[in-house]
Amino acid sequence: IRDLELNIEADVIARDLFMFSFYMCGINAADIFNNLGKKHTTRFNYNRTKTENKRTDNAFMSVNIPEEAKNYIIKYSESLYRRYKTIKSLNNRLSNSLRDIGGLLNIDRLTFYHARHTFASLARNECRFSKDDVAAALNHSSNTITDVYIAKDWQIVDDVQNGVLALLREKST
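Residue positions within a chain follow its written sequence, with the count starting from 1. Local features in this predicted model are restricted to residues of pLDDT 70 or higher, and side-chain atom pairs are both shown and tallied only at a pLDDT of 80 or more, whereas totals for entire chains, interfaces and linings draw on every residue. Hydrogens and water molecules were not included; the side-chain quantities draw on all heavy atoms of the structure.

A. Geometry of the environment of Tyr 81. Structurally, the position occupied by Tyr 81 is in helix α4 (residues 79–83). C-alpha separation for the pair Tyr 81 and Phe 33, spaced 48 residues apart in sequence, amounts to 7.6 Å. Here, two residues are considered to be in contact whenever any of their heavy atoms come within 4.5 Å of each other. In this view, Tyr 81 contacts Ile 32, Phe 33, Asn 34, Asn 35, Leu 36 and Gly 37; residues no more than four positions away in its chain are not counted. Only 3.2 Å separates the side chain of Tyr 81 from the backbone nitrogen of Leu 36, close enough to count as a polar contact. Only DSSP runs of H or I reaching four residues or more are called helices, and only runs of E reaching two or more are called strands; each is numbered from the N terminus. As used in this structure description, the phrase polar contact means that two N or O atoms lie within 3.5 Å; if the pair is within protein, one of them must be able to donate a hydrogen and the other to accept it, and residues adjacent in sequence are counted only when both atoms belong to side chains.

B. Inspection of the pattern of salt bridges at higher detail. Salt bridges are identified by distance alone: a Lys or Arg side-chain nitrogen within 4 Å of an Asp or Glu carboxyl oxygen. Taken as a whole, this structure holds eight salt bridges when the rule is applied. Where Asp 16 meets Arg 15, a salt bridge forms, and the shortest distance between an N and an O atom there is 3.1 Å. Buried means the residue's accessible area, taken with a 1.4 Å probe over protein chains only, is under 20% of the maximum for its type, while exposed means over 50%, and partly exposed covers the values in between. We classify Asp 16 as buried; its relative accessible area is 3%. Asp 108 is the partner of Arg 109 in a salt bridge, and the nearest nitrogen-oxygen pair spans 3.6 Å. For the pair formed by Arg 109 and Asp 108, the shared burial category is exposed.

Quick look at the structure:
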């Protein structure tokens, strides 16, 4: 998605915001829309819109702004609000554009949430971060929620099995 050449401006915006979400630990479109115009230096600080009124910590989140994400903040901090007056209009455009982008990449039903799911799955299954660490990166209050985002990776089970059996084999010699 990151390297896809696109000609339609709305699709470019959707691709860019998708990548921004991925770089920023799967931040939601609503949180981008509600917080992108605020002053951010090295960290992107915000209260997660979806859960801020449901948690005692107001779902506060602070994410480091990596180099890959900085240009998106500069590019869209003001123009996003001029182009999309409401989060609903942004979400509708993202849905349409990502469906088209998914078609170009043979990804069925590509959505903005795929950035969040992909981030979570890669963090757990490839980088081998614990579910607790992945939950913290996604600003989840429990692993039950995080489990929805992480694709099943049977290699983890195999690794645990091999580790335990290796320990047993070591004890047998």
